[in-house]
Every structure is written in C-alpha cells, then in structure tokens.
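Summary of structural features
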Amino acid sequence: MASAHRGNGGELSCQGRKLEFPKLAEATTVVEEGQTVIPTVDLVVVIDASGSMRDEADTLSKVVNTAIDSAKTKCPSNLRTTYLGIEGTFSKTVFTTTVRNYLTQTAKADASLLKGRTAPQVTDDQSKEDAGRAIEDIATHFDWRPGAVRNIMFLGDEPLEGGLSLSATGQDQEDIEAANRAIEVAKQTGTRVHTYMGTGKYSSDATKHERVRKAIEGEYARVARETNGQFFASQDNLSAFQAMLEKVICGSKTDPRVTTTEFCCCQEYVEQGEHTTAPQ
C-alpha cells in the first residue's frame, strides 16, 4: 500500500509521481574454472607397415619428440604415446613393435580374439594394410589406462581392408564394411580415431589416380568424423606433426563447468518473509 503525505503548503508530496515495483533481477552465469585438471591421454599411433609408408615413418620419427613436448607445453596432459606397425615394423624409427605383439605380449590379449590377419592368411602387404581390423583390435584390447581419453591415430595410404582392390575407386564393399566395423567398435569403446592419409600412386592415368585418391580419402575422413577424431591429408605434411598433436591433445581437455543462478524478485522475498516467525 502506498500512502501520500502532505508537504509544506498542504500539497501531496507524491502527487504526479508514478509508482514502480522492483523488477526481477537478471540471472547470473558463472563459469567455474576451479583447479586445473591435467587430462590423462592415451595416444596409439599405428601405421600401415607396407613399404610405401616408409617415408612417413621416417619423417614422424624425426619430429615426434619435439612435437610432443611442444604440444604438451601448450596443452598440459598426462600423455602416454605408443607406436605400432600393422604386422610389420620400420627399422630406425619409433615403429619397432607390431600391433599383434604389443596386444598379446604387453596388453595380454588372447591372440585368438584378434581380427587382424597374418601373412599366411593373406599376402604380406595385405596383412600390413588391414587398418580397419587394426583399429578394432587396438580399441578393444589395448591396455588403456583408467580414465584416459582414448585416441588412435592411423597413418596409411591404402583402403582400410587389405589395400587396393580392382574396382574403379580402388576399394570395394569389404573396405567400406571394414570402416563401418572400425567406427562401431571405436564408438562402443569410447575411442577417438584420427586418420592421416599419405601420398600414394594409384594409377599412371592422372584422372583415375585422382578418382581413387578421393574415394580413399573420403573413407579416412568418415572414420575420423564419426568417431569425433581429426582427419589429416598428405598436403598437411607430416613435418607439421606438432599441429596434429596439439589438435588431438588439446581436444582432450575438459571444458569448465558453467552454472546459472536465478535471483528471486524483492516481492517474492517479502512474501516468503511473511511466513517466517521472527525470533523472540
């Protein structure tokens, strides 16, 4: 209730004035940074171990330590990096252990459960180019640390199931199905798959070469996209591995918590107070 009081001369002091009630206060958004949390990140770098990937293996091995140190400085993390070749290794590089040996000897996986094929089952190069199967095996059987953000980075230049096919695009339904299975298993295990497509020679005919390259690149990109990973092509250059690692490591950071507090209006506060008994 508003009351009017007479001022000097008997006039109403509130005459002509507009009575306004308090308005509801705006909500306040608070970003809670809290303590800096250093994420635990496991990164498995796996490479197609056929001869055409030798250059990439050499280049990566020369820059990897500097790149990792720089990336961890920009985005601090408890990072563990493991380098594995598919059914083969490259001497004088970081790829000195095969996927099969690591999973069965270090991670203690049952060899009969691995999807990757061996040279007696297919040709030597085909077994080294079974990328889809390698992604499945690593996602399922690697000794991931508890609470770690799981990352696989695959480097190759061939379709994901045993290399090039005789089809017009260099890959067939088996390659697509291998990619589908890799995506499904990665999602089930919470593993991000990052892919790098190196340079390859698919035909002496420039038009066919480009058609095949685009088809393979499309599948590499799809695997990365559907597992929340990053895709890199040969034009990005492996000497820029630092930037690649920064995207992977920094993408593993936990976002700060955001909270919104709603303020009640003064009238609501008064009404609440009317039901509260004052202390005697």
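For the structure, see preceding data.
Conventions and cut-offs
- Residues numbered from 1 in each chain as written.
- Predicted model: local features only at pLDDT ≥ 70, side-chain atom pairs only at ≥ 80, totals over all residues.
- Heavy atoms only, no water.
- Helix = DSSP H or I, 4+ residues; strand = E, 2+ residues; numbered from the N terminus.
- Buried < 20%, exposed > 50% of the residue type's maximum accessible area, 1.4 Å probe, protein only.
- Contact = heavy atoms within 4.5 Å.
- Areas by Shrake-Rupley, 256 points an atom, 1.4 Å probe, with all protein chains shown as cover.
- Salt bridge = Lys/Arg side-chain N within 4 Å of Asp/Glu carboxyl O.
- 1 Å grid on protein atoms, 1.4 Å probe; cavity = no way out; pocket = protein on both sides within 12 Å on 5 of 7 lines; lining within 4 Å.
- Points joined across faces, edges and corners; volume = space filled by probe spheres on them.
- Nonpolar A, V, L, I, M, F, W, Y, C, P; charged D, E, K, R; others polar.
- Phe/Tyr/Trp six-rings, centres within 6.5 Å; stacked < 30°, edge-to-face > 60°.

This next bit is on the overall build of the chain. Looking only at helices and strands, the chain has eight helices and seven strands in total. Looking at the chain as a whole, 41% of its 280 residues qualify as buried. A sequence separation of at least 24 residues applies to 74% of the contacts in the chain between residues at least 6 apart. Carbon and sulfur atoms make up 49% of the accessible area of the chain, which amounts to about 16,000 Å² in all.

Among all positions in helix H2 (residues 99–106), only Val 99, Arg 100, Tyr 102 and Leu 103 are buried. Taken together, the buried residues of H2 touch strand E2 (40–48), strand E3 (78–86) and helix H4 (131–141). Phi for Lys 108, located one or two positions after H2, is positive at around 60 degrees.

The next subject is the pattern of salt bridges. Any two side chains of opposite charge can pair, given that their charged atoms come close. By the definition in use, this model includes 16 salt bridges. The shortest N-O distance in the salt bridge between Lys 128 and Asp 124 comes to 3.2 Å. One end of the pair is Lys 128 and the other is Asp 124, both in helix H3 (residues 124–128) and four residues apart, which spans about a single turn. Linking Arg 213 and Glu 217 is a salt bridge whose minimum nitrogen-to-oxygen distance equals 2.8 Å. With a gap of four residues between them, Arg 213 and Glu 217 both fall in helix H6 (residues 206–226), about one helical turn apart.

Counted under the stated rule, the structure contains one cavity of 30 Å³ or more. Taken as a whole, the largest cavity encloses approximately 80 Å³ of empty space. Every residue along the wall of the largest cavity is listed here: Ile 86, Glu 87, Val 99, Arg 100, Leu 114, Gly 116, Arg 117, Ser 127, Asp 130, Arg 133, Ala 134 and Asp 137. For the lining of the largest cavity, the secondary-structure elements that each account for two or more residues are H2 and H4. Among the elements that make up the lining of the largest cavity, the one with the highest residue count is H4 (three residues). Residues that form the lining of the largest cavity fall into these classes: four nonpolar, two polar and six charged.

Moving on: the packing of aromatic side chains. Under the defined criterion, the tally for this structure stands at four aromatic pairs. Judged by centre distance (5.8 Å) and plane angle (50 degrees), the ring pair of Phe 154 and Tyr 220 falls under tilted. With Phe 154 in strand E4 (residues 149–156) and Tyr 220 in helix H6, this residue pair connects regions lying 66 residues apart in the sequence. Classification of Phe 154 by relative accessible area gives buried; the value is 2%. Its relative accessible area of 1% is what places Tyr 220 among the buried residues.

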